[in-house]
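Descriptive analysis of the structure
Take a look at the letters that make up each chain.
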Amino acid sequence: MSRNDADVAFIKALAELLNENDLTEVNVKREYGENDSLNVRVSKMVPQAAPLKAAPAAFAPAPAGAPQPVDTPVASGNPADHPGAVTSPMVGTIYLAPEPGASNFVSVGSQVAEGDTLLIIEAMKTMNHIPAPHAGVVKRILVGDASPVEFGAPLMIIE
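So, here is what we can say about the structure in this document. (Residues numbered from 1 in each chain as written. Predicted model: local features only at pLDDT ≥ 70, side-chain atom pairs only at ≥ 80, totals over all residues. Heavy atoms only, no water.)

Time to look at the nonpolar core. Most often, soluble globular proteins have nonpolar side chains that are buried together. Grouped together as the largest cluster of nonpolar side chains are 17 residues, with contacts concentrated most on Ile 94, Leu 118, Leu 119, Leu 155, Met 156 and Ile 158. When residues of this core are traced back to their parent elements, those giving at least two are β6 (117–123), β8 (136–141) and β10 (154–158). If we ignore the near neighbours within four places in the chain, the residues touching Met 156 are Gly 84, Ala 85, Val 86, Val 106, Leu 118, Leu 119, Val 138, Arg 140, Ile 141 and Leu 142. Counting residues in each nonpolar core, the second largest holds six residues, with Phe 10, Leu 14, Val 26 and Val 40 among its members. (Core = buried A, V, L, I, M, F, W, Y, C linked by side-chain atoms within 4.5 Å. Buried < 20%, exposed > 50% of the residue type's maximum accessible area, 1.4 Å probe, protein only. Helix = DSSP H or I, 4+ residues; strand = E, 2+ residues; numbered from the N terminus. Contact = heavy atoms within 4.5 Å.)

Quick look at the structure:
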């Protein structure tokens, strides 16, 4: 069996371990030699039917007298179908601020320019700054800090 075949078998075994033990993530580093190793992260998204809709309620409401966010209705009810939706370009962990204790990059009502950093997605120990695809106002933030995200999942609405 080649090393590649052994690595594939190892990853499949980790995936089975994940399912059999009702885990959401397994992270393993396999050392082969001095400068030769295999880092494997196997994770699965836990279905979230209600929490996705409830997540925006966790954010503090705008102060009285401040303009309230207005959602543009979407026929399917899926935020990813909204024309101003910013979706995740990768699987990873969301961070709304540059570091713990710092202010978030954006909040509901923030005016953003194209290219401004909206949040960070950590993937494979790399911090990826996610830029605003277009200028506008942040109407909704659909994810929580330090939460997992899948590819294509809606992150926020910018109009």
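With that settled, consider the sheet that holds β6. Whenever strands of a sheet pair, they do so through backbone hydrogen bonds, lying parallel or antiparallel. In space, the four strands of this open sheet follow the order β7-β6-β4-β9, with antiparallel pairing throughout. Where the open sheet ends on each side, the last strands, each with one partner, are β7 (126–131) and β9 (148–149). Pairing analysis gives two bridges linking strand β4 (residues 92–95) to β9, with the strands arranged antiparallel. The residue bridging Thr 93 from the neighbouring strand is Pro 148, located in β9. (Pairing = 2+ DSSP bridges.)

Before going further, it helps to examine the environment of Leu 119. Mapped onto the fold, Leu 119 is located in strand β6. Relative accessible area serves as the criterion here: at 1%, Leu 119 is assigned to the buried category. With 21 residues separating them in the primary sequence, Leu 119 and Pro 98 have C-alpha atoms 7.8 Å apart. Setting aside residues no more than four positions away along its own chain, Leu 119 makes contact with Ile 94, Tyr 95, Leu 96, Phe 105, Asn 128, His 129, Ile 130, Val 143, Leu 155 and Met 156.

Now for the sheet that holds β10. Strand order across the open sheet formed by four strands is β3-β10-β8-β5, with antiparallel pairing between neighbours. This sheet does not close on itself; its edge strands, each paired only once, are β3 (85–87) and β5 (111–112). The pairing of β5 with β8 spans two bridges and is classified as antiparallel. Paired with Val 112 across the two strands is Gly 136, which belongs to β8.

Take the pairing of β6 next. Taken across its seven residues, β6 has five buried, putting it largely inside the fold. Here three bridges tie β4 to β6, and the two strands are oriented antiparallel to one another. Within β6, the position partnered with Thr 93 by the bridge is Glu 122. As paired elements, β6 and β7 share six bridges and run antiparallel to each other. Paired with Leu 119 across the two strands is Ile 130, which belongs to β7. Counting the residues that bridge the hairpin from β6 to β7 gives two residues, and of these Met 124 lies at a positive phi of roughly 55 degrees.

Glancing now at the side chain of Ser 110. Position of Ser 110 relative to the elements: it lies in the loop between β4 and β5. Using a relative accessible area of 18% as the deciding quantity, one classes Ser 110 as buried. Among the polar contacts listed, one links the side chain of Ser 110 to the backbone oxygen of Ser 107, at a separation of 2.9 Å. Once you skip the residues sitting within four places of it in the chain, Ser 110 turns out to touch Gly 136, Val 137 and Val 138. (Polar contact = N/O pair within 3.5 Å; in protein donor to acceptor, adjacent residues only side chain to side chain.)

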